[in-house]
Amino acid sequence: MAQESPKNAAAEIPVTSNGQLEDSHEHSFNRDLKRSLPVGLGLAETKITSHGFDSTKEGVVEAGPFPGSSASPKSSVISPSSAAASRLAGQGCDLIIPTGGRAQQKSGPVVLADEVKNPAMEKLELVRKWSLNTYKCTRQIISEKLGRGSRTVDLELEAQIDILRDNKKKYENILKLAQTLSTQLFQMVHTQRQLGDAFADLSLKSLELHEEFGYNAETQKLLAKNGETLLGAINFFIASVNTLVNKTIEDTLLTVKQYESARIEYDAYRTDLEELNLGPRDANTLPKIEQSQQLFQVHKEKYDKMRNDVSIKLKFLEENKVKVLHNQLVLFHNAIAAYFAGNQKQLEQTLKQFHIKLKTPGADAPSWLEEQ
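Predicted, not measured: the structure shown is a model, and the values here were computed from it.

Participant: How should I be thinking about the nonpolar core in this particular structure?
Facilitator: Note that soluble globular proteins tend to have their nonpolar side chains buried in a common cluster. Residues Ile 161, Leu 185, Ile 249, Tyr 259 and Val 310 are the most contacted members of the largest nonpolar core, which totals 42 residues. Secondary-structure elements contributing two or more residues to this core are helix H5 (155–205), helix H6 (210–278), helix H7 (285–340) and helix H8 (344–353). Ranked by the residues each element gives to this core, the list is headed by H6, at 18 residues. Excluding residues that lie within four positions of it along the chain, Tyr 259 makes contacts with Asp 154, Leu 157, Glu 158, Ile 161, Tyr 303, Met 306, Arg 307 and Val 310.

Right, here's the structure in full:
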């Protein structure tokens with residue numbers, strides 16, 4: 001059999017006294033081995049060596065350049081024949097190489113994967129668009145300040161925005177003065193309470209002036225009590241106006257800022273479209289005009305939406321402002337009038353009317369939402 005021929009040939013290899021093969025027998029053995037091994041084994045890169053008699057192995061097949069060959073050492077690889085490769089290619093299968101072997105070029109159909117979007121390229125595109133938009137808006141602002149560019153103006157809406165900003169400054173001034181009044185009243189109430197305690201102490205220790213010190217002690221304590229009631233009403237007024245100014249009005253002004261930004265973008269892209277329409281129309285400019293028209297339409301829709309949002313918020317703000325300030329101004333007036341008139345009953349009734357709870361010493365002030 002073909003598989004037994006290598007063994008028989010190897011058994012008949014004579015060796016010299018120093019354990020090396022004779023050249024004539026070595027060439028004969030290689031020819032016999034080439035006939036017996038399967039097709040595809042690179043015998044041109046294989047040689048047979050034999051160890052001496054002291055070695056436990058009789059013969060070893062090593063991969064390396066054959067004597068007389070100038071090729072560099074290569075690994076032993078079994079390559080498929082041309083006929084087998086043709087059959088595998090016809091079946092559309094890929095050649096599987098065992099682990100450890102050198103990778104061969106695969107045959108069969110080549111499948112190209114879908115192009116995956118690169119996140120870095122997407123970020124770069126976003127930065128490019130943002131930079132272009134910022135450049136256009138900056139150019140529009142500068143041209144408006146220099147009086148060269150035109151701007152879109154809604155006269156009615158702009159007038160309402162100006163009134164709102166002016167009112168916000170005035171309400172902030174009222175809020176600041178009310179806080180100053182609250183601080184001064186707190187100090188006065190604290191002083192009156194201490195003065196009443198001092199009068200009460202002297203009333204007990206001075207028998208000849210017992211009644212006089214006693215009257216003054218009661219008067220100062222009553223004033224301190226009424227002052228605390230008035231202080232509660234003023235603090236409630238401050239909290240309500242502060243919510244109106246720094247939350248409700250500020251939220252509306254934030255929408256106004258977004259509206260103004262949308263207006264600048266709209267005018268910037270409108271100016272670009274007008275400049276392109278004034279220029280020549282050819283194969284190069286028509287795509288730019290179409291793209292500019294699309295961008296203009298997008299920013300026009302955004303501008304119209306923000307203008308509508310501002311109009312709605314201004315309307316609701318006006319209604320809320322009238323309602324809140326009406327109640328708070330009535331409270332402030334009734335509390336101040338009752339306090340300086342010395343009408344303690346009317347002062348307490350005012351606080352009950354607006355559901356105001358006085359702050360007890362050592363307790364935290366309730367929130368404005370809890371008091372509603």
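Still to come is the rest of the account.
Participant: Hey, could you run me through the environment of Leu 222 in this one?
Facilitator: When you line up the elements, Leu 222 lands in helix H6. Distance from Leu 222 to Gln 192, taken between C-alpha atoms, is 9.1 Å for residues 30 residues apart in sequence.

Participant: What exactly am I supposed to notice about the pattern of salt bridges here?
Facilitator: Where charged atoms from two side chains of opposite charge come close, those side chains can pair. Evaluated as defined, the whole model comprises 19 salt bridges. The residue Lys 313 makes a salt bridge to Asp 251 at a minimum N-O spacing of 2.9 Å. Here Asp 251 lies in helix H6 and Lys 313 lies in helix H7, a separation of 62 residues in the sequence. In this structure Lys 313 comes out as partly exposed when scored by relative accessible area, which is 30%. In this structure, a network of salt bridges that share partners links the residues Glu 144, Arg 263, Asp 267, Arg 270 and Glu 274.

Participant: How should the environment of Tyr 171 be read in this particular structure?
Facilitator: The residue Tyr 171 is located in helix H5 in this model. A relative accessible area of 14% places Tyr 171 in the buried class. For Tyr 171 and Leu 244, which are 73 residues apart along the polypeptide, the C-alpha to C-alpha distance reads 9.0 Å. Tyr 171 has contacts with Val 241, Val 245, Ile 249, Lys 321 and Leu 325, leaving out every residue within four places of it along the chain.

Participant: Can you walk me through the packing of H5 against H6 in this structure?
Facilitator: Any two packed helices are characterised by the angle at which their axes cross and by the distance between the axes. In the contact formed by H5 and H6, the axes pass within 6 Å of each other and the chain directions differ by 160 degrees. With respect to each other, H5 and H6 are oriented roughly antiparallel. Like other packed secondary-structure pairs, H5 and H6 cross with a definite hand, here left-handed. Class assignment for the residues of the contact of H5 with H6 results in 31 nonpolar, 14 polar and 10 charged.

Participant: Explain the UniProt feature "coiled-coil region" (unreviewed entry) in the protein here, please?
Facilitator: Within the UniProt annotation, "coiled-coil region" (unreviewed entry) is assigned to residues 154–181 and 289–320. Along residues 154–181 the backbone is 96% helical and 0% strand, and the end-to-end C-alpha distance reaches 41 Å. The straight-line gap between the two end C-alpha atoms of residues 289–320 is 46 Å; of that span, 100% is helix and 0% is strand.

Participant: I would appreciate a short explanation of the side chain of Gln 192 in the present structure.
Facilitator: By secondary structure assignment, the location of Gln 192 is in helix H5. For Gln 192, a relative accessible area of 10% corresponds to the buried category.

Participant: So what exactly am I meant to see when it comes to the packing of aromatic side chains here?
Facilitator: In this description, a pair of aromatic rings is defined by centroid distance and the angle of the planes. Applying the stated criterion to the full structure yields six aromatic pairs. With a centroid separation of 4.9 Å and 40 degrees between ring planes, the pair formed by Phe 237 and Phe 332 is classed as tilted. In this pair, Phe 237 sits in helix H6 while Phe 332 sits in helix H7, placing the two residues 95 residues apart along the sequence. Centre to centre, the rings of Tyr 259 and Tyr 303 are 5.7 Å apart; their planes meet at 25 degrees, and the pair counts as stacked. Residue Tyr 259 is located in helix H6, and its partner Tyr 303 is located in helix H7; the two are separated by 44 residues in the primary sequence. Of the residues examined, Tyr 259 reaches a relative accessible area of 1% and is grouped as buried.

Participant: Just checking my understanding: could you explain helix H4 (residues 119–145) for this structure?
Facilitator: Since there are 3.6 residues in each turn of an α-helix, residues three or four apart along the chain are aligned in direction. Taking 1.5 Å as the rise per residue, H4 with 27 residues should run 39 Å; its terminal C-alpha atoms sit 39 Å apart, in good agreement. For H4, every residue scored as buried is listed here: Asn 133, Lys 136, Cys 137, Gln 140 and Ser 143. Structurally, H4 contributes buried residues whose contacts are with H6 and H7. Gly 147 sits one or two residues past H4 and shows a positive phi near 80 degrees.

Criteria and cut-off values
Residues numbered from 1 in each chain as written. Predicted model: local features only at pLDDT ≥ 70, side-chain atom pairs only at ≥ 80, totals over all residues. Heavy atoms only, no water. Core = buried A, V, L, I, M, F, W, Y, C linked by side-chain atoms within 4.5 Å. Buried < 20%, exposed > 50% of the residue type's maximum accessible area, 1.4 Å probe, protein only. Helix = DSSP H or I, 4+ residues; strand = E, 2+ residues; numbered from the N terminus. Contact = heavy atoms within 4.5 Å. Salt bridge = Lys/Arg side-chain N within 4 Å of Asp/Glu carboxyl O. Axes fitted to C-alpha atoms, helices over the stretch in contact; angles between N-to-C directions. Parallel < 35°, antiparallel > 145°, perpendicular 65-115°, else oblique. Left-handed = near helix turned anticlockwise from the far one by under 90°. Nonpolar A, V, L, I, M, F, W, Y, C, P; charged D, E, K, R; others polar. UniProt positions renumbered as here; feature names shortened; annotations may be inferred. Phe/Tyr/Trp six-rings, centres within 6.5 Å; stacked < 30°, edge-to-face > 60°. Expected span 1.5 Å × (residues − 1).

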